[in-house]
Amino acid sequence: AGIVGKDYEHVYEYLASYYRDIKDDLNLQVIMAKGKAAYPQNNFWNEIEMQQLTQSGNKKTMFAKYEELYVKDPNNYMNTFNYAIEMYNNIYKDAQDTSRIAKEKLTALLKTAIANDTTANSTSLMANHLFNFAADYSTAAALIKSTKPEEIKKKKELNALANAKMDETLPYTESIIKRYSSSAKLTRKQKADDRL
């Protein structure tokens, strides 16, 4: 009916969830349009849209939408963190884009997420990412068996990059250790948010 007001926001969310769950795309799009128009600051609409894109399997479209949301509002923690998770999986789990550029983009996303995170989740993902980044350099160096001067030089460069990434990992791992070692002081909600 187009009724709006603070008390009705959850009704729009409920209907969107309902239509998504029963896979009624037509009504989902209608209620999403109404919800976005009535409550444009509500991140719920982005989450629903991103769930649909993720489930569609079209990673190019999904990443383009995440980038659009990130550029529009880089301080939106949930969008940025979810974007980082998808990038992490694309790099390390699915091995779709293992380029240095993709890894550096993930590092930048996680730095933004960490700045807006009230949990340790972004920091933990950053520690894992940088460790894997270092391990990839180390593995590439170990694969070089040649004794040619240019290959020996390349191996040294890769080992230096691996060591630099490991050094970069340390502050994040120390932060995680500090938070988890004081986990007895965390509230139940903080522990749940941290997935401890």
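Note that the coordinates shown come from a computational prediction; the quantities given were computed from them, not determined experimentally.

(A) Seen up close, the pattern of salt bridges. With the rule as written, the count across this model stands at 9 salt bridges. Notably, a salt bridge pairs Lys65 with Glu49, separated by 3.7 Å at the nearest N-O pair. Here Lys65, found in helix H4 (residues 59–72), pairs with Glu49, found in helix H3 (residues 44–56); they are 16 residues apart in sequence, far enough to count as distant. By relative accessible area, Lys65 is classed as buried at 15%. Counted as one network, the salt bridges with shared partners bring together Lys36, Glu49, Lys65 and Glu68.

(B) Just unusual backbone geometry, in detail. Located in the positive-phi region is Lys23, a residue other than glycine, with phi close to 60°. Looking at the element boundaries, Lys23 is found in the loop between helix H1 (9–21) and helix H2 (25–38). By relative accessible area, which is 66% here, Lys23 ends up exposed. Phi angles above zero are rare outside glycine, and Ala95 is one such case at about 55°. For Ala95, the location among the structural elements is in the loop between helix H5 (77–93) and helix H6 (100–115).

(C) Main features of the nonpolar core. Tyr83, Met87 and Leu106 are the most contacted members of the largest nonpolar core, which has 24 residues in total. Counting residues per element, the ones that place at least two in this core are H3, H4, H5, H6 and helix H7 (121–142). The biggest single contributor to this core is H5, with 7 residues. Discounting residues that sit within four places of it in the chain, Met87 has contacts with Phe63, Ala102, Lys105, Leu106 and Leu109. Among the nonpolar cores identified, the runner-up in size contains 10 residues, and Tyr12, Leu28, Met32 and Phe44 belong to it.

(D) Quick look at H1. Given a rise of 1.5 Å per residue, 13 residues ought to cover 18 Å, and the 19 Å separating the end C-alpha atoms of H1 matches this to within 8%. Looking at H1, one finds that the buried residues are Glu9, Tyr12, Ala16, Ser17 and Tyr19. What you see down the axis of H1 is that its buried residues fit within an arc of 165°, all on one side. Of the exposed residues in H1, the ones pointing more than 90 degrees away from its buried face are His10, Tyr14 and Asp21. Contacts made by the buried residues of H1 are with H2 and H3. Backbone geometry just after H1 places Lys23 at a positive phi near 60°.

(E) Representation of the packing of aromatic side chains within the structure. In the structure shown here, the tally under the stated rule is 9 aromatic pairs. For the ring pair Tyr77 and Phe81, a centre distance of 5.4 Å and an interplane angle of 10° mean the geometry is stacked. One end of the pair is Tyr77 and the other is Phe81, both in helix H5 and 4 residues apart, which spans about a single turn. For the pair Tyr77 and Phe81, one class covers both residues: buried. Each ring, one from Tyr88 and one from Tyr92, has its centre 4.9 Å from the other, and the planes form 50°; the classification is tilted. Linking Tyr88 with Tyr92, this pair stays in helix H5, spanning 4 residues, or about one helical turn. Classification of Tyr88 by relative accessible area gives buried; the value is 16%.

Calculation criteria
Residues numbered from 1 in each chain as written. Predicted model: local features only at pLDDT ≥ 70, side-chain atom pairs only at ≥ 80, totals over all residues. Heavy atoms only, no water. Salt bridge = Lys/Arg side-chain N within 4 Å of Asp/Glu carboxyl O. Helix = DSSP H or I, 4+ residues; strand = E, 2+ residues; numbered from the N terminus. Buried < 20%, exposed > 50% of the residue type's maximum accessible area, 1.4 Å probe, protein only. Core = buried A, V, L, I, M, F, W, Y, C linked by side-chain atoms within 4.5 Å. Contact = heavy atoms within 4.5 Å. Expected span 1.5 Å × (residues − 1). Arc of directions from axis to C-beta. Phe/Tyr/Trp six-rings, centres within 6.5 Å; stacked < 30°, edge-to-face > 60°.

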